[in-house]
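# Chains, contacts and geometry: an overview
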Amino acid sequence: MHDLMDGETMQIQGSASKPYTIKNVSGVYSCSCPAWRNQSLPIDQRTCKHLRLVRGDDAETARLGNVLAPAPRSAPRAVAPSLLLAESWDGVSDPTGYWLSEKLDGVRAYWDGVRFQTRNGNRIFAPQWFTAGLPLVPLDGELWLGRKQFQRTVSIVRRQDQSDLWRGIRFCIFDAPGEEGGFESRLNVVRLIIEMNQPPYAVAHPHTRCDGAEHLNAEL
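My aim in this report is to walk through the structure given alongside it, one point at a time. Remember, predicted model here, so these are calculated numbers, not experimental data.

Next up on the list: the overall build of the chain. Across its full length, the chain holds 7 helices and 11 strands. Dimensions of the chain, computed from C-alpha atoms along their principal axes, come out at roughly 60 × 40 × 35 Å. Per-residue burial for the chain yields a buried fraction of 38% across its 220 residues. Excluding contacts between residues fewer than 6 apart, the proportion of contacts in the chain whose partners are at least 24 apart in sequence is 60%. By element, 51% of the accessible surface of the chain is carried by carbon and sulfur atoms, the whole surface being about 13,400 Å². In the chain, the 25 positive side-chain charges and the 25 negative ones have mean positions that sit 9 Å from each other.

Okay, here's the thing in structure tokens:
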């Protein structure tokens, strides 16, 4: 049996004329065969006969046992937190005075003061060393690895093994929804939290006040 290192690819001959490609990206194993591609499961919960042939049944069974399993039918439904959601600009309204920030291609995360949740209220199993320094107050932000790294970010965040791959991720905070006052006031709270607690893996997401449509187009 052969296991693929992170970033390694391998070709294997199947029933098609061209060989299939299997690869490992941050612990997410994939295959280009139709059986793998047409599954409705999340990408980190899929397998196929080609992956089992290369890695072995025991290795694949162990891998699939480490990912987040679907909740049982009797489990209580997760309660989604109330968060700010973006709206599309109509291209006509004057954007002067609005706050501008980069739309990060990461995983939206809500820190409830104890643990991370998704927008839908499902738990995110971040390592304890990653959450060190975060306060006992709600924070809203994005778990972000970098530009054009969305798929890899998702694969890391969905795991429950609290791997060292989290060390490349940052919690980019853009709101403190539990605080009183308007958005500007809550932004100041976020900056104060970062300054006082200095969490090693969290940052305040930068915002810029828009000077008008020309400024907006330049930023875009």
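Now, onward.
With that settled, consider the pattern of salt bridges. Pairing of side chains with opposite charge becomes possible as their charged atoms draw close. Across all of its chains, the model carries 10 salt bridges by this definition. A salt bridge links Arg186 to Asp175; the shortest N-O distance between them is 2.7 Å. Linking Arg186 in helix α6 (residues 183-197) with Asp175 in strand β9 (residues 170-175), this pair joins segments that are 11 residues apart in sequence. Each member of the pair Arg186 and Asp175 is classed as buried. Counted as one network, the salt bridges with shared partners bring together Asp3, Arg55, Glu60 and Arg63.

The rules behind these values
- Residues numbered from 1 in each chain as written.
- Predicted model: local features only at pLDDT ≥ 70, side-chain atom pairs only at ≥ 80, totals over all residues.
- Heavy atoms only, no water.
- Helix = DSSP H or I, 4+ residues; strand = E, 2+ residues; numbered from the N terminus.
- Buried < 20%, exposed > 50% of the residue type's maximum accessible area, 1.4 Å probe, protein only.
- Contact = heavy atoms within 4.5 Å.
- Areas by Shrake-Rupley, 256 points an atom, 1.4 Å probe, with all protein chains shown as cover.
- Lys, Arg positive; Asp, Glu negative; His and termini not counted.
- Charge placed at Lys NZ, Arg CZ, Asp CG, Glu CD.
- Salt bridge = Lys/Arg side-chain N within 4 Å of Asp/Glu carboxyl O.

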